[in-house]
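# Breakdown of the fold
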Amino acid sequence: MTPPPTGLLTPTATPAKTKAKSGSCGCSSKTDAAPSLDEKMKARIEKHPCYSEEAHHHYARMHVAVAPACNIQCNYCNRKYDCANESRPGVVSELLTPEEAAHKVLVIAGKIPQMTVLGIAGPGDPLANPEKTFRTFELIADKAPDIKLCLSTNGLMLPDYVDRIKQLNVDHVTITINMVDPKVGEKIYPWVHYRRKRYRGIEGVKILHERQMEGLQALREADILCKVNSVMIPGINDEHLAEVDEVIRANGAFLHNIMPLISAPEHGTHFGLTGQRGPTPKELKTLQDKCSGNMKMMRHCRQCRADAVGLLGEDRSQEFTKEKFMEMTPEYNLETRQEVHAGIEKSKAEIKAVKEQAKAAKKIANSIKILVAVATKGGGMVNQHFGHAKEFQVFEVDANEAKFVGHRKIDHYCQGGYGEEATLDHIIKAIADCKAVLVSKIGHCPQEELQKAGIQAVEAYDVIEKVASEFYAQYLQNLQGE
Ligand code: CLF
Ligand code: SF4
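Cut-offs and rules
Residues numbered from 1 in each chain as written. Chains lettered and ligands numbered in written order. Predicted model: local features only at pLDDT ≥ 70, side-chain atom pairs only at ≥ 80, totals over all residues. Heavy atoms only, no water. pLDDT = per-residue confidence, 0-100. Contact = heavy atoms within 4.5 Å. Near = heavy atom within 4 Å. Nonpolar A, V, L, I, M, F, W, Y, C, P; charged D, E, K, R; others polar. Buried < 20%, exposed > 50% of the residue type's maximum accessible area, 1.4 Å probe, protein only. Helix = DSSP H or I, 4+ residues; strand = E, 2+ residues; numbered from the N terminus. Pairing = 2+ DSSP bridges. Right-handed = clockwise from strand over helix to strand, strands pointing away. Phe/Tyr/Trp six-rings, centres within 6.5 Å; stacked < 30°, edge-to-face > 60°. Lys NZ or Arg CZ within 6 Å of the ring centre and 35° of its normal. 1 Å grid on protein atoms, 1.4 Å probe; cavity = no way out; pocket = protein on both sides within 12 Å on 5 of 7 lines; lining within 4 Å. Points joined across faces, edges and corners; volume = space filled by probe spheres on them.

As a further point, take the confidence of the model for the protein chain. Fine structural detail should not be taken from predicted coordinates in areas where pLDDT scores are low. Averaged over every residue, the pLDDT of the protein chain is 87; residues scoring 70 or more account for 88%. Contacts of residues 1–33 to residues separated by more than four positions or lying in other chains number 112 contacts, the stretch itself having pLDDT below 50.

Below, the discussion takes up the site of ligand 2. Close to ligand 2 lie 13 residues; Cys70, Cys74, Cys77, Cys83 and Asn85 are nearest. The residue inventory of the shell around ligand 2, partitioned by class, reads 8 nonpolar, 4 polar and 1 charged.

Turning our eyes to something else, we now look at the pairing of strand S10 (residues 255–260). Remark: a regular strand shows side chains that alternate across the two faces of the sheet. With 5 of 6 residues buried, S10 lies mostly within the body of the structure. Note: strand S9 (residues 225–232) against S10, 6 bridges, orientation parallel. Counted as the bridge partner of Asn229 is Asn257 from S10. The β-α-β motif built from S9, the intervening helix H7 (residues 241–250) and the parallel element S10 has right-handed crossover chirality.

The next point concerns unusual backbone geometry. Note that the residue after Gly122, namely Pro123, is joined by a cis bond; omega there is 10°. Its place among the elements puts Pro123 in the loop between strand S4 (115–120) and helix H3 (130–143). You will see that Asn169, though not glycine, has its phi angle at about 65°, which is positive. Note on placement: Asn169 falls in the loop between helix H4 (158–167) and strand S6 (172–176).

As a further point, take the packing of aromatic side chains. Taken as a whole and assessed by the stated rule, the structure comprises 5 aromatic pairs. On the numbers, 6.1 Å between centres and 15° between planes, the contact of Tyr51 with Phe254 is stacked. With Tyr51 in the loop between helix H1 (39–45) and strand S2 (60–63) and Phe254 in the loop between H7 and S10, this residue pair connects regions lying 203 residues apart in the sequence. Geometry around Trp191 places Arg198 over its ring, the cationic atom sitting 3.9 Å from the centre.

Time to look at the pairing of strand S5 (residues 148–153). Counting buried positions over the 6 residues of S5 gives 5, a clear majority of the element. Note: S4 against S5, 4 bridges, orientation parallel. Looking across to S5, one finds that Val117 is bridged to Lys148. Where the polypeptide runs from S4 across H3 and back to S5, its parallel neighbour, the crossover connection is right-handed. Here S5 pairs with S6 via 4 bridges, running parallel. Residue pairing in the sheet places Leu151 in a bridge with Val173 of S6. Since S5 and S6 lie parallel, the crossover through H4 that links them has a hand, and here it is right-handed.

Attention now moves to the layout of surface pockets. Estimates place the volume of the second largest pocket at around 780 Å³. Around the second largest pocket sit 32 residues that line it, and Pro260, Pro281, Leu284, His407 and Arg408 are the ones nearest its centre. At the level of elements, S10, helix H9 (281–291) and strand S16 (402–409) are the ones that each hand at least two residues to the lining of the second largest pocket. Among the elements that make up the lining of the second largest pocket, the one with the highest residue count is H9 (7 residues). When grouped by side-chain class, the residues that make up the lining of the second largest pocket number 13 nonpolar, 10 polar and 9 charged.

In structure tokens:
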């Protein structure tokens, strides 16, 4: 294993003996049917943490909040907060001018060289603020040409701007499409503001739908990669999203990201106040599995903030508040960044080789599938202490492979060095469907409690797929011995 480049979050994969503790405290198999990517396409996404599940273990993204206005109303959005189409509700980002945003990007590009993508995703809709959005992109393209530009929109104004997006070399655009039937849309969007006029009810929804489809087709014609985000709203569009998946695929979308509605009364949204619930992790996975035979399915979205910074599973935005980053000097250096990226690619190749070895030599049909939870700081490794994890990545393991299928957010267990019982209960509930939790270290007490709940704690420091496959083999052996 080659040591990772300095400053990265990816420690070297030191082959470690997997120790199963028995004592105390981006896609499902259907995805295999999805079209495989050619080399040119792989090169376009290999450093984009949202478009490539593999990349999200290694490369970071950042957002700049330059776009305050919005032109539609979604029932899961409260205008006091960031656009909920790409954010967790209840989050407020500091608004920046394009010049401040460019300064911030150059600072972070120097401090976090594995940051490869700049996205504009709010706090309103980027294309309802076209001049601020495009000015920011221009400044960054000029000063930091190796950073990929990315945009997320509700799609209403997209057809007007595809040429400009292409001109600016923005290769990744997300449209949030929650319906292709305006009757479903009526329950999600109360109004749409289009060309200086407000349209209420189905009239507005029809405009939004037509513009989204037009935008999607225009992106395909312009050869710009398009991801579609859909918010899964039980009882409203959950059964309809399989049709959305079909339609967007037919119209050229590259990737589908079905995200759960996050809804709580304290967010003050229409859905929050009327008691509309979000889907359970199981309901979400079932729908993702159902759609994943059609096209690539994103399962690693973290619904990040309009000023997010870092790997998808971490949030370093508080290290770079406006007050702090305006005091910092940009240290963007293309050569240093290229060296770091070369190191990551080398490390990725080595991890890939370990993964291949971990796969069974021949395919075994219909082997039992289990889920395992993984504590990781990134780099594709089991490398985080149980008590420090703020989320667990979930892998589905069978005799042939271990595949990332999602993540579970949790409050982290160690709070100032001691564990909280309520937090442990919450963690156990969050990963109750997993047979094991793979961690670099775990204390005696949580280990015992997990064991009581039927979750085995496995201590290891190695490539995730390798540890997961080794646990799987041992799990099967134990089953056969019973
Ligand atoms: Fe940002 Fe979105 Fe670009 Fe990614 S996020 S604009 S495509 S760089 Fe990614 Fe965040 Fe999910 Fe969005 S994890 S919310 S999908
Ligand atoms: Fe809110 Fe975004 Fe919907 Fe606009 S597009 S209403 S900012 S969630």
